[in-house]
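Each chain, written out:
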Amino acid sequence: MKKLDQSFWENRWVEGNTQWDIGQVSPPLKEIIDSLEDKNIRILIPGAGGAHEVIYLWEHGLKNIFVCDWAISAFENLFQKAPDFPKDQCLVCDFFDLNIEVDLILEQTFFCAIHPSLRPKYAEKTAELLSENGVLTGLFFASNFGFEGPPFGGYKEEYIAYFELYFTIDKIEIANNSILPRQGNELSFKFVRL
Ligand SMILES: C[S@@+](CC[C@H](N)C(=O)[O-])C[C@H]1O[C@@H](n2cnc3c(N)ncnc32)[C@H](O)[C@@H]1O
């Protein structure tokens, strides 16, 4: 079994072995971001990688954004494209060690990057980081991949079982605007913290 620690991910970035990176804000997340009315909410993007969503948020006037990734090389894109993004909002640490409070967490290909044995802990941690009625939203893969991850896929029923302990399941359905290679295999979800 691969050891999915900080150096595994740092090496992936250093080697440019980042096939998950779609090089732009993904359309389902763009739709979520475009629908945000309150520009002052605190937002966390865990395992943000190339941070395309962060750059989009920043350029659209949302400033209370926290970016977490434990691979420092992942931040190069953000530092280059949004040089004025505050460094104290760049959290280079293990997601599970975060100690902040936010109103919204945006998920994309971070949950599928951690080992599935950590999924119950992810559900608990996201609930811990969110304010009352805070929202966890974004995308999960909708099936298994048939090879050893990452990425690790999964199923709607499995996800609901983890998150219903801490969240009201507002929505979890196949996204209708995924990028072509992910079409039909992304669940768009919105969970509201209990
Ligand atoms: C598959 S990439 C996804 C990047 C980005 N979300 C995207 O959609 O392009 C997963 C990222 O999560 C980071 N990561 C993995 N485990 C982490 C952890 N426990 N804490 C913080 N970052 C982590 C990796 O360094 C990597 O950049």
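Quick summary incoming for the structure in this document.

1. Observations regarding the layout of surface pockets
Here's step 1: Here the largest pocket is characterised by a volume of approximately 720 Å³.
Here's step 2: In this structure, the largest pocket is lined by 39 residues; those nearest its centre are Trp9, Gly47, Thr109, Phe110 and Ala113.
Here's step 3: Within the residue set of the lining of the largest pocket, elements represented by two or more residues are α1 (6-15) and α3 (52-59).
Here's step 4: Ranked by residues supplied to the lining of the largest pocket, first place goes to α1 with 3 residues.
Here's step 5: Here the lining of the largest pocket is composed, by residue class, of 24 nonpolar, 9 polar and 6 charged.
Here's step 6: Lining the second largest pocket are 14 residues, with Leu36, Leu104, Val135, Thr137 and Lys190 positioned closest to its centre.
Here's step 7: Sorting the residues of the lining of the second largest pocket by element identifies β4 (102-107), β5 (130-141) and β7 (186-193) as the ones contributing at least two each.
Here's step 8: Looking at the lining of the second largest pocket element by element, the count peaks at 4 residues for β5.

2. Details of the pattern of salt bridges
Here's step 1: By the definition in use, this model includes 7 salt bridges.
Here's step 2: Here aspartate 5 ties to lysine 3 by a salt bridge, and the two come within 3.7 Å at their closest N and O atoms.
Here's step 3: Between glutamate 101 and arginine 42 there is a salt bridge whose closest N-O contact spans 3.2 Å. Here arginine 42 lies in the loop between α2 (27-34) and β1 (43-46) and glutamate 101 lies in the loop between β3 (90-91) and β4, a separation of 59 residues in the sequence.
Here's step 4: Given the relative accessible area of 28%, arginine 42 is considered partly exposed.
Here's step 5: Because the salt bridges share partners, they merge into one network encompassing Arg42, Glu101 and Asp103.

Analysis parameters
- Residues numbered from 1 in each chain as written.
- Predicted model: local features only at pLDDT ≥ 70, side-chain atom pairs only at ≥ 80, totals over all residues.
- Heavy atoms only, no water.
- 1 Å grid on protein atoms, 1.4 Å probe; cavity = no way out; pocket = protein on both sides within 12 Å on 5 of 7 lines; lining within 4 Å.
- Points joined across faces, edges and corners; volume = space filled by probe spheres on them.
- Helix = DSSP H or I, 4+ residues; strand = E, 2+ residues; numbered from the N terminus.
- Nonpolar A, V, L, I, M, F, W, Y, C, P; charged D, E, K, R; others polar.
- Salt bridge = Lys/Arg side-chain N within 4 Å of Asp/Glu carboxyl O.
- Buried < 20%, exposed > 50% of the residue type's maximum accessible area, 1.4 Å probe, protein only.

By themselves, these are just geometric observations and shouldn't be taken as functional.
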